[in-house]
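Here is what each chain is made of, one letter per residue.
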Amino acid sequence: MMKNTNKLMSSSFLVSLSHSITGITCCPPPLAYFQFHSHFLLFSTNKSNPNPKPHFPYSSNPTHANLQQLLLEKSRTGFDKLDDALAVFDKMLHMKPLLPVINFNQLLAALVKMKEHSVAVSLFKDMCVQGIPVDLFTFNTAINCFCHLNRVDYAFSLLAGTIKRGFVPNVVTYTTLIRGLISQDNPAEAQLLFTNLIRFKLIQPDVVTYTTIINGLCKRGHASTAVMLFRYMEKKGCQPDTVTYNTLIDCLCKLRSVDQALDLLHEMTKKGIHPDVITYSSLIQGLCDFNRWQDVNQLLSEMNTRNISPNVHTFNILVDAYGKEGMINDAEDVIEFMIQRGQHPDVVTYSALMDGYCLRGEVDKALAVLETTMKKRGIVPNIRTYNILINGYCKKLNVDRAIDLFQQLPREGLTPTIETYNTILQGYFLTGRHVDARKFFMEKMILNKALTLDNFTCSILLHGLCQNRFVVEALSFFDTMLSAGLIPNICIYSTLIDGLSKNGHLEKARSLFDNLPLKGLRPDVKTYTMMIQAYCHDGLLNDANELFLKMEANGCLPNDVTYNTLIRGFFHNKKYNEAGVLMDEMCARGFSADASTASVLLDLLKSQEQNPALLALRKKFLT
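- The protein is annotated in an unreviewed UniProt entry as Mitochondrial PPR protein from Heracleum sosnowskyi.
- On record in UniProt, under Sequence similarities (unreviewed entry), the comment for the protein is "Belongs to the PPR family. P subfamily."

Rendered as structure tokens:
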């Protein structure tokens, strides 16, 4: 058995591989590669392979033939065990004569199917070192593996090695590299690569290339750019297919541009491109997000007309949407209907139903779904199923029942997630059990080396500590968090600013707020409103009003909470004229006085009925 196959993908190993294949000891970044080597690529694509490989027919040797048949099968499905694949490779190395390159490629393809990308790269290196013939498919496979390992730099180094060997990179090579760049969140470099490929006529992009880039742009929310590229491919005579349309439609729906997505559905049907269940499922999800039930029913009817059957995912979308709206009967009807249609509800289906019950406060009914319906159907609950129940009981302030479920997880073979821990931590604070919360945090979370605390964890703890007046402890934890390398987001700073100001530490809160730009953070409307409320509480009306004016100048528009907060501040400090001006402005923007503001105004009118400014406000806003 060879020694290199279990080697970790260390930097030294990758450099060694790069050097053994290309003679290059460093990997040029993609941008630089195309800025300095475009002429080399252009020259390389215009020459034929100087060392064409001979064709190897299937062997008449029974041992060879049996192994070749096995490799053909495993290239499609992968091996059951990694050791089996390695044993086959070891056997192939010692066969005389060597099997043709297509069989080695099939072995690499099997490893890719198994997601053993690092092992595939290691075998590729051994092939090159031992002089086993390789072809463009072999290089493309190795490039693909490097991209999956998030080492696109080494993938580009292999591109140089491909050309050095005399092979002409094809559309698969470049599409793989583009996909790799996008997966590492480098859409600009992916676009530059694509532009250079067209500019130097290195490839004729096909629908897969275009769809790959469109998918990458969509995943990073660049829908408008994706649509522009979509139109460009049509202009260049490359016909988008169902996958291309599905990619755009799903993106637009997730970005809440569902009407634009519907327009694409109509466009594709006019062009004779057939939508499928994926198309309709994306649209149904988008429409459910807006509670557009009539349009949902229309799409379901259209699916029936086109003989497109909803799948489990489609039905799960409906169950989840109805559950979130508290329409439990409708959700149960969907489950009954899907069973009638021969679709089997799964753990996602029943978890969504349980979530609907919990949102209505009917947690015991959700538990009955788990203990009765799911067990009866042989559906094994997952961690999300339990997280829904644990959250439901915490929201009902029954943390002890949530803890029982938490302790049950190991017996069910499930590992709690950070969401599980966060839910219980928050539940303890919600019920005022701050001692239990701090104990749970220290013993179950801090000491759990497998658990990575997130910003939400920190926000829960800071809010809980400040709410219970443990401000010094909250600040100490915040400093520890910074020392540990966790980068707080604006939500954490807002929580701490609010806690400090409400516990008599306005100057510390102000200092944190003023230093937000130095942290690369911009206050949001919630953060501004908290500081305005803090200033109002301490009678600093000028500071509050100045900050109110500054927030809009900084591109953060006040909302109804901001207006009402400042108006009440003016009321409490007897600035009735200023309050009146602000109320006029608030109403002009479509906001209105909330219950607290109206209550304060009524109380003032009772105690100071003859104040002209207050009488004017009563006439304007309370009649």
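Re the pattern of salt bridges
Next, step 1: Under the definition given, this model contains 22 salt bridges.
Next, step 2: Close ionic contact of E234 with K271 constitutes a salt bridge, the shortest N to O distance being 2.3 Å. Of this pair, E234 sits in helix 12 (residues 223-235) while K271 sits in the loop between helix 14 (258-270) and helix 15 (277-289), placing them 37 residues apart in sequence.
Next, step 3: On the basis of relative accessible area, E234 is assigned to the partly exposed category, the value being 22%.

Comments concerning the side chain of N387
Next, step 1: Within the secondary structure, N387 sits in helix 21 (residues 383-395).
Next, step 2: Setting aside anything within four residues of it in sequence, one finds N387 in contact with T417, E419 and T420.

Digging into the packing of aromatic side chains
Next, step 1: Under the criterion given, the structure shown has 17 aromatic pairs.
Next, step 2: When the ring of F315 is compared with that of F337, the centres are 6.0 Å apart and the planes differ by 70°; the resulting orientation is edge-to-face. Of this pair, F315 sits in helix 17 (residues 312-324) while F337 sits in helix 18 (residues 328-340); the two residues are 22 residues apart in sequence, bridging distant segments of the chain.
Next, step 3: F315 sits in the buried class, given a relative accessible area of 4%.
Next, step 4: Residues F441 and F477 carry aromatic rings whose centres are separated by 5.6 Å and whose planes lie at 85° to one another, so their mutual orientation is edge-to-face. Separated by 36 residues along the polypeptide, F441 in helix 24 (residues 434-446) and F477 in helix 26 (residues 471-483) bring together distant segments of the chain. An identical accessibility class is assigned to F441 and F477; each is buried.

So, a nonpolar patch on the surface
Next, step 1: A surface patch of nonpolar side chains, about 290 Å² in accessible area, is lined by M442, I446 and L447.
Next, step 2: With respect to the secondary-structure elements, L447 resides in the loop between helix 24 and helix 25 (455-467).
Next, step 3: On the basis of relative accessible area, L447 is assigned to the exposed category, the value being 59%.

Re a negative patch on the surface
Next, step 1: Together, D330, E332, D333 and E336 line one region of the surface with negative charge.
Next, step 2: Inspection of the secondary structure assignment puts D333 in helix 18.

Observations regarding the confidence of the model for the protein
Next, step 1: Per-residue pLDDT for the protein averages 88, and the proportion of residues at 70 or more is 89%.
Next, step 2: Between residues 1-58, whose pLDDT stays under 50, and residues either more than four places distant or in other chains, the model counts 104 contacts.

A word on helix 6 (residues 117-129)
Next, step 1: The end-to-end C-alpha distance of helix 6 is 19 Å, a good match for the 18 Å that 13 residues give at a rise of 1.5 Å each.
Next, step 2: Across the 13 residues that make up helix 6, a large majority, 11, are buried.
Next, step 3: Note on helix 6: the residue one or two positions beyond its end, G131, has a positive phi of about 75°.

Focus on the nonpolar core
Next, step 1: One finds L107, L353, L389, L496 and F571 to be the most contacted residues of the largest nonpolar core, which totals 191 residues.
Next, step 2: Not counting chain neighbours up to four residues away, the residues in contact with L496 comprise L462, C466, A474, L475, F478 and L512.

Side note on the environment of G78
Next, step 1: Mapped onto the fold, G78 is located in the loop between helix 3 (62-77) and helix 4 (82-93).
Next, step 2: When its relative accessible area of 4% is taken as the criterion, G78 is described as buried.
Next, step 3: A C-alpha to C-alpha distance of 9.9 Å links G78 and E116, two positions 38 residues apart in sequence.
Next, step 4: For G78, the contacting residues outside a window of four places in its chain are A110, K113 and M114.

Some thoughts on unusual backbone geometry
Next, step 1: Going from K96 to P97, the amide bond is cis rather than trans, its omega being -5°.
Next, step 2: Positionally, P97 belongs in the loop between helix 4 and helix 5 (101-113).
Next, step 3: Unlike most non-glycine residues, N291 shows phi in positive territory, near 55°.
Next, step 4: Under the relative-accessibility criterion, N291 is labelled partly exposed at 34%.
Next, step 5: Of note in this structure, L397 is not a glycine but carries a positive phi near 65°.
Next, step 6: Its location among the elements puts L397 in the loop between helix 21 and helix 22 (399-408).

Definitions and limits used
- Residues numbered from 1 in each chain as written.
- Predicted model: local features only at pLDDT ≥ 70, side-chain atom pairs only at ≥ 80, totals over all residues.
- Heavy atoms only, no water.
- UniProt positions renumbered as here; feature names shortened; annotations may be inferred.
- Salt bridge = Lys/Arg side-chain N within 4 Å of Asp/Glu carboxyl O.
- Helix = DSSP H or I, 4+ residues; strand = E, 2+ residues; numbered from the N terminus.
- Buried < 20%, exposed > 50% of the residue type's maximum accessible area, 1.4 Å probe, protein only.
- Contact = heavy atoms within 4.5 Å.
- Phe/Tyr/Trp six-rings, centres within 6.5 Å; stacked < 30°, edge-to-face > 60°.
- Patch = residues over 30% accessible without salt bridge, like charges linked within 9 Å, V, L, I, M, F, W, Y side chains within 5 Å.
- Areas by Shrake-Rupley, 256 points an atom, 1.4 Å probe, with all protein chains shown as cover.
- Lys, Arg positive; Asp, Glu negative; His and termini not counted.
- Charge placed at Lys NZ, Arg CZ, Asp CG, Glu CD.
- pLDDT = per-residue confidence, 0-100.
- Expected span 1.5 Å × (residues − 1).
- Core = buried A, V, L, I, M, F, W, Y, C linked by side-chain atoms within 4.5 Å.

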